[in-house]
Amino acid sequence: QSVLTQPPSASGTPGQRVTISCSGGSSNIGSNIVNWYQQFPGTAPKLLIYSNNQRPSGVPDRFSGSKSGTSASLAISGLQSEDEANYYCSAWDDNLFWLFGGGTKLTVL
Amino acid sequence: QVQLVESGGGLVKPGGSLRLSCAASRFAITESYMSWIRQAPGKGLEWLSYISSSAVTTYYADSVKGRFTISRDISKNSLFLQMNSLRAEDTAVYYCAGGRTTLDFEFWGQGTLVTVSS
């Protein structure tokens, strides 16, 4: 069972727009929705984006998601220091398992 | 608000067994789709197992198939993970997670640490 491919790291300065990519295949991202999770060190992950581009209540609209074909992206606009965290994409695979990306560590410079 | 609380982690020798529990409050597991997910030290998230709201359907990752069993107890509103034949590479923080749909992990517990070492 493979993982979804994310860049291991990303960075930006306060106020910038940063994007994190997530690449998969036809049996996962290509045919199912993508979710994104935010995790701070030592804490449990939190659902950040669901159904490709929906934000749960309480998530700032600076966070947005998109999907095209077998890839997805998380965009963070107006970057803030408190956005420094690890971000994971996730999708169901039609071979009957959940997949996570390897995670992207976002650094706010 | 919804709370998921895991317990049962600890130190176990290779080849040993452990049973993790996840108690849910303000959240009925009979109406939810639950999974166990782990995170090895310094690593990413790995999905392990899923159980449907009716408990009729279960799925497992290849890495734990045949060794781990997911189950639930409606009377305790709790989820379980029976882990047998544990290996050093099973060392991780184990999270229970789930939601009101099959589509995402809306709620997460705080995690319980399992260490497999002699």
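Residues numbered from 1 in each chain as written. Chains lettered and ligands numbered in written order. Predicted model: local features only at pLDDT ≥ 70, side-chain atom pairs only at ≥ 80, totals over all residues. Heavy atoms only, no water.

**Student:** Account for the overall build of chain A, naming residues and giving values.
**Tutor:** Counting secondary structure elements, chain A contains zero helices and nine strands. Sequence-ordered secondary structure for chain A, helices as α and strands as β, is β-β-β-β-β-β-β-β-β. For chain A, the C-alpha radius of gyration of 13 Å lies close to 13 Å, the compact-globule estimate for 109 residues. Based on the C-alpha atoms only, the size of chain A along its principal axes is roughly 40 × 25 × 20 Å. Burial analysis of chain A (109 residues in total) assigns 45% to the buried set. Partitioning the contacts of chain A with sequence separation of at least 6, the portion at a separation of at least 24 is 56%. Surface accessibility of chain A: about 4800 Å² in total, with carbon and sulfur atoms responsible for 47%. (Helix = DSSP H or I, 4+ residues; strand = E, 2+ residues; numbered from the N terminus. Rg over C-alpha atoms; globule rule 2.2 N^0.38 Å. Buried < 20%, exposed > 50% of the residue type's maximum accessible area, 1.4 Å probe, protein only. Contact = heavy atoms within 4.5 Å. Areas by Shrake-Rupley, 256 points an atom, 1.4 Å probe, with all protein chains shown as cover.)

**Student:** If you had to explain the interface of chain B and chain A to someone new, which residues and values would you point to?
**Tutor:** Each partner contributes to the interface: chain B provides 21 residues, whereas chain A provides 18 residues. On the chain B side of the contact with chain A, Leu45(B), Trp47(B) and Phe105(B) bury the most area, a combined 34% of that side's loss. Seen at the junction of chain B and chain A, the total is zero salt bridges. Counting across the interface, chain B meets chain A through six residue pairs in polar contact (both at pLDDT 80 or more). Elements with a minimum of two residues in the side of chain B that touches chain A: strand E4 (33-39), strand E5 (45-51) and strand E6 (58-60) of chain B. Of the residues contributing to the side of chain B that touches chain A, the split by class is ten nonpolar, six polar and five charged. (Buried area = accessible area lost by both parts, 1.4 Å probe. Salt bridge = Lys/Arg side-chain N within 4 Å of Asp/Glu carboxyl O. Polar contact = N/O pair within 3.5 Å; in protein donor to acceptor, adjacent residues only side chain to side chain. Nonpolar A, V, L, I, M, F, W, Y, C, P; charged D, E, K, R; others polar.)

**Student:** Which residues make up the state of the cysteines, and what values do they have?
**Tutor:** Residue and element names in this part refer to chain B. Evaluation of the coordinates by the stated rule reveals two disulfides over all chains. Covalently, Cys22 is tied to Cys96 through a disulfide, its sulfur atoms 2.0 Å apart. Taking the torsion about the S-S bond as the criterion, the Cys22 to Cys96 disulfide, at about 55 degrees, is right-handed. Here Cys96 lies in strand E9 (residues 92-99) and Cys22 lies in strand E3 (residues 18-25), a separation of 74 residues in the sequence. The exposure class of Cys22 is buried, given its relative accessible area of 1%. Cys96 sits in the buried class, given a relative accessible area of 0%. (Disulfide = S-S within 2.5 Å.)

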